[in-house]
Amino acid sequence: RQLSRRPWVFLQGLHSARSSMWRAALLWCQLSALAQPLLAEGVPAAVTPQDCSLECILQGGPACEYCRVTKDDIKKALGFNSVQAFGGCIPWPCFQLLGDEDPKICQHYVHAPTDVKVEFVREPNPNSDAIVISWKPSHYGISFLRGFQVSLQALGGFGVSCQLLLFHRNVSLSASGAQTVYKSDPFTGLSLGSRYAVTVMALPVPEKWEKFYHSEHFSTRTCAEKNGLERCKHDWYPKHIEVQQDGLVITVTFNLAPPNLGIRSYFCVCYANGMKKYSDITPNSSKNQTFYSYQLSGLEEETNYTCEIAANEMDAVRKTFTVYIRGLKAPVSSDGPPHTPSVSVALPLCLAVVFVFGVLLTAVIFWKTRSYRKKLHLKPELFRLYENRTKEEVVSLPKARLIPPRLLICYSRYDGPAHVKAIMHLGTFIQQHMATQVHLDLWETLSVFEDGSVSWHCRQIQECDFVLVICSPGLRQRHEPAGPAKDDDGDEVADLGLNSQSSEAVVHIIGEEVGRAKARGQDLSKYMTAIFEYCEETDIPTELRLVSRYRLTSDLPLLFSHLHGVALHRPGGYLKINHITEEGVSTVPSGAALQWAIREAGTAMRAKRAAHSEGTRPNPGNV
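Residues numbered from 1 in each chain as written. Predicted model: local features only at pLDDT ≥ 70, side-chain atom pairs only at ≥ 80, totals over all residues. Heavy atoms only, no water.

Trainee: How would you explain the sheet that holds strand β9 (residues 195–203) if you had to name every residue and give the values?
Mentor: Paired through their backbone hydrogen bonds, the strands of a sheet run either parallel or antiparallel. Ordered by their spatial adjacency, six strands build an open sheet running β1-β2-β6-β5-β9-β10, and the pairing between neighbours is mixed. Edge positions in the sheet fall to β1 (50–51) and β10 (213–219), since each has one partner strand and no second. Bridge analysis of β1 against strand β2 (residues 66–69) gives two bridges, and the strand direction is parallel. Within the sheet, the bridge partner assigned to Q50 lies in β2 and is C67. (Pairing = 2+ DSSP bridges. Helix = DSSP H or I, 4+ residues; strand = E, 2+ residues; numbered from the N terminus.)

Set out below in structure tokens:
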């Protein structure tokens, strides 16, 4: 009877254990359900801008707690278009917008925002991107915070966008408001795969320009990241590649681009031992629209090749794969020993070998004689002939420098906006295709306003590895201060004169540095001068004629050699970089834009000279 009771006791214990476990799980679910509203209340929701006017903000209405001020309201309050006047997003004056009735509103110090983030949002246009900026206010001076100013600038371009976000007059935040997340309105129409800099400022801006803004750099999504690889022509590349060898015949099979991309041809380049083999590929889409096979010919046995295949489009993404050519071994006959050639076959073969040996010996003697003549008579045409016959090979840059060299570009704005545009495109090309970090005042407007033009240039001259001065007629001329500038409507606008008044002082500072280094016997390679094709060497200031000079764009290879310390010529070869040669600059978009800007600036310069000569020509009626 006791043995029969033991299973029932065991089952009762198991049932009680399961019941306690279910009670604990049910209690945990109830606690979680009760805690979710409490957690939701502890995390404040993000605050987005409201659509209201500056008049509503000044009146302090309840519907205008956090508003974006439109450009029309800013122009009405300031009396001019600030973006057109200053060329960028500078801090708008607080007194003009909020401080007319109560100046105390704009007399306090507020620290920079924190936790600045970039969030991508939906953009219907497949060729552009859209973002929203979020941040948190600093708890230092938060009770005096009046709003924020958000600016977005394209790195290496001219695009600038600003948003002014203000609280109404009756808002005063507490310390707990530092955990509130504020957002901007969407920035739309951004170029895909581009670099941007976003800056969030706390208002009012203090008199001491420090710690009042927070900047972040980011890149927009590429076309493939946003739309998918199958919808992007310039980002598409073959994903599936298969290589097969049958004897010395190499067959490569790859997937074709979707028909909607309109890619009709491809190319393949194979490298080995300093040589390259180029192949054009034009598939027949009527037979197969998904895969295509082609054959590689002219490759050497027992050699490893690195091959690249891509669509025959400008700046197309290349897919890399390797090919090893296996050698063929001569088969052994199974019918007996190899057949011995007869005398009638061996005699002509021996004569042919002797003839080839004699030709090679004659060629060697002729080559040594020619080399000796080259040592005695260094004729330029012989060097050009030698360069044309030299094999191309890969040359790596020195690995001693872990970061790219920093280059400061100085110039003058006296020669007009076309010349400034050429400077901008030059900086973009050098940074993209010459492995150099370019510092240009047009790209660092906020830092220039903060430090002052001359102070900013002095700091960059000390910190940069190289300084390049673009010389033009306006750099050597002495100009009187111009009158007030006007916008498109004829209204006077403020002109900060960035670089226009300071270029002469910067040239004198660089000239003093060059003279001091020359007197001490130091290296002058840090400083360089350059002129565009529409300028003359006489435009180079006297104090800068001791340093290296270049003419752009024909001397871009020499400038690359100067920046990276790489010799263009050496025994048996020379350095050739396709994108920076005189004929290869136009093959990349930034190089083509640079050449176009130089031509436009040259046309404007010639027109300016012609107008000046017409104005100074004596009138025959007065002679």
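Trainee: An account of a nonpolar patch on the surface is requested, with residue identities and associated values reported.
Mentor: A cluster of nonpolar side chains, F355, V356, V359 and L360, forms an exposed patch at the surface whose accessible area comes to about 400 Å². Examined against the element boundaries, V359 turns out to sit in helix α7 (residues 343–376). (Patch = residues over 30% accessible without salt bridge, like charges linked within 9 Å, V, L, I, M, F, W, Y side chains within 5 Å. Areas by Shrake-Rupley, 256 points an atom, 1.4 Å probe, with all protein chains shown as cover. Salt bridge = Lys/Arg side-chain N within 4 Å of Asp/Glu carboxyl O.)

Trainee: Can you lay out the pattern of salt bridges for me, pointing to particular residues and giving the numbers?
Mentor: Counted according to the given criterion, the structure contains 10 salt bridges. Salt-bridge contacts for D185 lead to R68; the nearest nitrogen and oxygen are separated by 3.4 Å. Pair noted here: D185 is in the loop between β7 (182–183) and β8 (187–191) and R68 is in strand β2, with a separation of 117 residues, a long-range link. Residue R68 is classed as partly exposed on the basis of its relative accessible area of 28%. Its salt-bridge partner being R406, residue D465 comes within 3.7 Å of it at the nearest N-O pair. Separated by 59 residues along the polypeptide, D465 in the loop between α11 (453–463) and β20 (466–470) and R406 in strand β18 (residues 406–410) bring together distant segments of the chain. Assessed through its relative accessible area of 25%, D465 is described here as partly exposed. (Buried < 20%, exposed > 50% of the residue type's maximum accessible area, 1.4 Å probe, protein only.)

Trainee: Tell me what's going on with the nonpolar core, and back it up with residues and numbers.
Mentor: Grouped together as the largest cluster of nonpolar side chains are 61 residues, with contacts concentrated most on M434, I470, I510, F532, L552 and L559. Top contributing element to this core by residue count: helix α9 (residues 417–433), with seven residues. Each residue touching L552, except ones within four places of it in the same chain, is listed here: L426, I470, A530, I531, F532, E533 and L559. Residues L152, A178, F187 and Y196 belong to the second largest nonpolar core, which totals 25 residues. (Core = buried A, V, L, I, M, F, W, Y, C linked by side-chain atoms within 4.5 Å. Contact = heavy atoms within 4.5 Å.)

Trainee: If you had to explain the sheet that holds strand β11 (residues 241–246) to someone new, which residues and values would you point to?
Mentor: Taken in spatial order, the three strands line up as β11-β12-β15 in an open sheet, and their pairing is antiparallel. This sheet does not close on itself; its edge strands, each paired only once, are β11 and β15 (291–296). Sheet twist, expressed as the average angle between the axes of neighbouring strands with direction ignored, equals 20°. With six bridges connecting them, strand β12 (residues 249–255) and β15 associate as antiparallel partners. Bridging across to β15, I250 finds its partner in L296. (Axes fitted to C-alpha atoms, helices over the stretch in contact; angles between N-to-C directions.)

Trainee: Provide a residue-level description of the packing of aromatic side chains, including the pertinent values.
Mentor: Applying the stated rule across the entire model yields 13 aromatic pairs. Between W135 and F148, the aromatic rings sit 5.2 Å apart at their centres with planes inclined by 70°, giving edge-to-face as the arrangement. With W135 in strand β4 (residues 128–136) and F148 in strand β5 (residues 147–154), this pair connects stretches of sequence that are 13 residues apart. The exposure class of W135 is buried, given its relative accessible area of 1%. Its relative accessible area of 1% is what places F148 among the buried residues. (Phe/Tyr/Trp six-rings, centres within 6.5 Å; stacked < 30°, edge-to-face > 60°.)

Trainee: Provide a residue-level description of the environment of S143, including the pertinent values.
Mentor: Tracing the backbone through its elements, the reader meets S143 in the loop between β4 and β5. As a C-alpha pair, S143 and V171 span 28 residues in sequence and 8.7 Å in three-dimensional space. Residue contacts for S143: discarding those within four places in its chain leaves S172 and L173.

Trainee: Describe helix α13 (residues 503–519), naming the residues involved and giving the relevant values.
Mentor: Spacing of three or four residues puts side chains on the same side of an α-helix, whose turn is 3.6 residues. Helix length check: α13 (17 residues) gives 24 Å between terminal C-alpha atoms against 24 Å at 1.5 Å per residue, within 8%. Among the residues making up α13, those that are buried are S503, V506, V507, I510, G511, V514 and A517. Projected down its long axis, α13 carries its buried residues within an arc of 135°, all on one side. Exposed side of α13, more than 90 degrees from the buried face: E512 and A519 are the residues found there. (Expected span 1.5 Å × (residues − 1). Arc of directions from axis to C-beta.)

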